[in-house]
2 protein chains.
Amino acid sequence: MTRDPALEPLTRSAEDYLKAILALSGEAAVSTTQIAQRLELSPASVSGMIRRLSDQGWLEHVPYRGVVLTDAGRRAALRMVRRHRLIETYLVDRLGFTWDDVHEEAERLEHAVSDQLVDRMAEALGHPRFDPHGDPIPRSDGTMDIPDYVAVPDLVTGEPMILHRVRTGDAERLRYIADAGLVPGAEVMLVSREPFDGPVTVRVGGGERVIAHDLAAMLLCVRE
Amino acid sequence: MTRDPALEPLTRSAEDYLKAILALSGEAAVSTTQIAQRLELSPASVSGMIRRLSDQGWLEHVPYRGVVLTDAGRRAALRMVRRHRLIETYLVDRLGFTWDDVHEEAERLEHAVSDQLVDRMAEALGHPRFDPHGDPIPRSDGTMDIPDYVAVPDLVTGEPMILHRVRTGDAERLRYIADAGLVPGAEVMLVSREPFDGPVTVRVGGGERVIAHDLAAMLLCVRE
DNA sequence: ATATAAATTTAGGCCGTCCGAATTTCCAGT
DNA sequence: ACTGGAAATTCGGACGGCCTAAATTTATAT
Ligand SMILES: [Mn+2]
Ligand SMILES: [Mn+2]
Ligand SMILES: [Mn+2]
Ligand SMILES: [Mn+2]
């Protein structure tokens, strides 16, 4: 029987670890190096933190194999994701931040806000379901809406779609694509596509844009 | 020559120490025990932190005598006070917090917000000069408006005044005086006063209130 | 002048978080 | 089955920040 994780409150660092592990969680267990790279820490540091988090029941660790979040760990991580994305949304909607400079701010504030403040922000914003990058905002119960996306390079040419989510956190890329009018909510249409992952031409805001395949693949659309 | 304090960024704890020392600074140097009591830490811990802060040039320490902030230390402390009070104001004005529950929240957020966010909040609020408790908000350059106050027990009876500042952080007291209509901006008038620091009767919001001398002394008024 | 009390500092420990270096484990290719 | 290299862990050390207990300094009272 693992100890009740609620008894050991999470530190700021631990909160970031859990969030990182959730983001890296796919089919397989998450490796030490993956976490180390994402958080820009040494693998040694990560090994140490993994021990503490596992002792406290936030994750399960199979040595040399990787970690998997426990239910408590996933809930805690989703709580941080909710905070992060709600804060980003609030900063953009209410305080004039741009979508390329909210991440850092949210990365710090997410550890400092109370549940009450998070609730108040959510309410003030009308309980938004997506953040400025189109990332879904988990509800308090951990559920969230994840639409069926089609990446721009995979669109049917000539069929109008709505850009819904931008899968990059890189500030320069974000500025570039915002300049091009490629923001969530924009109507986009695939015009043409060069073979071998070549450049992609999209119609957006009454003009045409040729963008790199890599970048286009980060732009996720939904129908209508 | 002391080292440039800007080279050693302040930790969260250090920021709270500087803020506490500024608040305790009067004529004389601030003693270790004063700081310890205010921050609810042991005097030994304070001694340790004083060494670090003094090594880094934020304050000057005369052993067994107390500390005095350097110019850099006072600027850093005022910066934190500005943050704290602006955050309190924002939470009350924009997010429905009450004046008795903003302090804790601000105490954490003050360490997490960027200068940019502080500026945005100030702008959104129209650069307020006072926080919800009537405490003056330092400007970025460290200056602030400090009106000439008269405490309620010292008022001239029958002369109408404006309640401007409430010198308590105690949540229960704050709720009590808010219930009585004694909030900054309210028109108040001293009706009578019992001798020997006895209870004080004030006229506020069309009614009369009898309050303890101690509490009345925390209510600071300005003319007109 | 001296004893006592109060304030302060020092000494020694603990915990969380990080690092580099050394070691162990795992796996793929022979 | 063996082995070299990659991945992960352990080890030793650092620092911040807190604690208690002991030692030291300063203030005060007789
Ligand atoms: Mn973070
Ligand atoms: Mn986002
Ligand atoms: Mn604080
Ligand atoms: Mn205040």
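Keep in mind that what you see is a predicted model, and the values were worked out from it rather than measured.

A. Inspection of the pattern of salt bridges at higher detail. Applying the stated rule across the entire model yields 26 salt bridges over all chains. With its nearest N and O atoms 3.2 Å apart, the salt bridge here joins Glu110(A) to Lys19(A). Placement of Glu110(A) in the loop between helix H5 (103-109) and helix H6 (115-124) and of Lys19(A) in helix H1 (residues 12-24) is noted, with a sequence separation of 91 residues between them. The pair formed by Glu110(A) and Lys19(A) is uniform in burial state, with each residue classed as buried. Arg223(B) is the salt-bridge partner of Glu159(B), the closest N and O atoms lying 2.9 Å from each other. Pair noted here: Glu159(B) is in the loop between strand E3 (150-151) and strand E4 (160-166) and Arg223(B) is in the segment after strand E8 (219-222), with a separation of 64 residues, a long-range link. Residue classification places Glu159(B) among the partly exposed residues on the basis of a relative accessible area of 28%. Through salt bridges with shared partners, a single ionic network connects Lys19(A), Glu107(A) and Glu110(A).

B. Here's a closer look at the protein's contact with DNA strand D. Residues in close proximity to DNA strand D total 21 residues, the closest being Thr33(A), His61(A), Thr11(B), Ser45(B) and Arg65(B). Contact distances for DNA strand D include 2.4 Å between a phosphate oxygen and a side-chain N or O atom of His61(A). When contributions to the surface near DNA strand D are tallied by element, the ones reaching two or more residues are helix H2 (32-39) and helix H3 (43-55) of chain A together with helix H1 (12-24) and helix H3 (43-55) of chain B. Class assignment for the residues of the surface near DNA strand D results in nine nonpolar, nine polar and three charged.

C. Up close: the nonpolar core. One finds Leu95(A), Leu117(A), Leu91(B), Leu95(B), Leu109(B) and Leu117(B) to be the most contacted residues of the largest nonpolar core, which totals 34 residues. Of all the elements in the fold, those that place two or more residues in this core are helix H4 (71-95), H5 and H6 of chain A together with helix H4 (71-95), helix H5 (103-109) and helix H6 (115-124) of chain B. Setting aside its immediate chain neighbours within four residues, Leu117(A) contacts Leu91(B), Leu95(B), Phe97(B), Glu105(B) and Leu109(B). Among the nonpolar cores identified, the runner-up in size contains 22 residues, and Leu174(A), Leu190(A), Val200(A) and Leu215(A) belong to it.

D. Here's a closer look at the relation of the copies chain B and chain A. Superposition of chain B onto chain A requires a rotation of 180° combined with a translation of 0.0 Å along the rotation axis, giving an RMSD of 0.1 Å. Taken together, the rotation angle and the small translation identify this as a two-fold axis.

E. The arrangement of the interface of chain B and chain A in detail. Listed by partner, the interface residues are 19 residues for chain B and 19 residues for chain A. Counting across the chain B and chain A interface gives zero salt bridges. Taken together, chain B and chain A are joined by eleven residue pairs in polar contact (both at pLDDT 80 or more). The set of elements that each furnish at least two residues to the side of chain B that touches chain A consists of H4, H5 and H6 of chain B. Among the elements that make up the side of chain B that touches chain A, the one with the highest residue count is H6(B) (five residues). Its residues assigned to classes, the side of chain B that touches chain A comprises ten nonpolar, three polar and six charged.

F. Focus on the domain arrangement of chain A. Residue and element names in this part refer to chain A. Taken domain by domain, chain A consists of domain 1 (5-69), domain 2 (81-145) and domain 3 (150-223). Contact residues are listed per partner, giving nine residues for domain 2 and eleven residues for domain 3. Carbon and sulfur atoms make up 59% of the surface buried where domain 2 meets domain 3, a total of about 790 Å² over both sides. Connecting domain 2 to domain 3 are two salt bridges. With a shortest N-O distance of 2.8 Å, Asp135 and Arg165 are connected by a salt bridge. Considered class by class, the residues forming the side of domain 2 that touches domain 3 number four nonpolar, two polar and three charged.

G. Layout of the coordination of the manganese ion (ligand 4). All names here are of chain B. Only Glu88 (OE), Asp131 (OD) and His133 (ND1) from the protein coordinate the manganese ion (ligand 4), and they sit 2.2 to 2.4 Å from it. Mapped onto the polypeptide sequence, the residues donating to the manganese ion (ligand 4) form the spacing pattern E-x42-D-x1-H. Residue Glu88 is found in helix H4, and its partner Asp131 is found in the loop between H6 and E3; the two are separated by 43 residues along the sequence.

H. Region of interest: the sheet that holds strand E6 (residues 200-204) of chain A. Residue and element names in this part refer to chain A. Strand order in this open sheet of six strands is E3-E8-E4-E5-E6-E7, and the pairing throughout is antiparallel. Only two strands of the sheet have a single partner each, and these edge strands are strand E3 (150-151) and strand E7 (207-211). Both strand E5 (residues 187-193) and E6 contribute to a ladder of five bridges, which runs antiparallel. Looking across to E6, one finds that Ser192 is bridged to Thr201. Contacting strand E4 (160-166), E7 and strand E8 (219-223), helix H7 (residues 171-179) runs over the sheet at an angle of about 155° to E7.

I. Just the coordination of the manganese ion (ligand 3), in detail. Residue and element names in this part refer to chain B. Distances from the manganese ion (ligand 3) to its protein donors, Asp16 (OD), Glu107 (O), Glu107 (OE), Glu110 (OE) and His111 (NE2), fall at 2.0 to 2.3 Å. Binding-site remark: the manganese ion (ligand 3) is held by donors from one chain whose sequence spacing is D-x90-E-x2-E-H. One end of the pair, Asp16, is in helix H1; the other, Glu107, is in helix H5, with 91 residues separating them in the sequence. Classification of Asp16 as partly exposed rests on a relative accessible area of 21%. For Glu107, a relative accessible area of 22% translates into the label partly exposed.

What counts, and where the lines are drawn
- Residues numbered from 1 in each chain as written.
- Chains lettered and ligands numbered in written order.
- Predicted model: local features only at pLDDT ≥ 70, side-chain atom pairs only at ≥ 80, totals over all residues.
- Heavy atoms only, no water.
- Salt bridge = Lys/Arg side-chain N within 4 Å of Asp/Glu carboxyl O.
- Helix = DSSP H or I, 4+ residues; strand = E, 2+ residues; numbered from the N terminus.
- Buried < 20%, exposed > 50% of the residue type's maximum accessible area, 1.4 Å probe, protein only.
- Near = heavy atom within 4 Å.
- Polar contact = N/O pair within 3.5 Å; in protein donor to acceptor, adjacent residues only side chain to side chain.
- Nonpolar A, V, L, I, M, F, W, Y, C, P; charged D, E, K, R; others polar.
- Core = buried A, V, L, I, M, F, W, Y, C linked by side-chain atoms within 4.5 Å.
- Contact = heavy atoms within 4.5 Å.
- Least-squares fit on C-alpha atoms with pLDDT ≥ 70 in both.
- Domains from an automatic or database assignment.
- Buried area = accessible area lost by both parts, 1.4 Å probe.
- Donors = N, O, S within 2.8 Å, 3.2 Å for Na, K, Ca; no water.
- Pairing = 2+ DSSP bridges.
- Axes fitted to C-alpha atoms, helices over the stretch in contact; angles between N-to-C directions.

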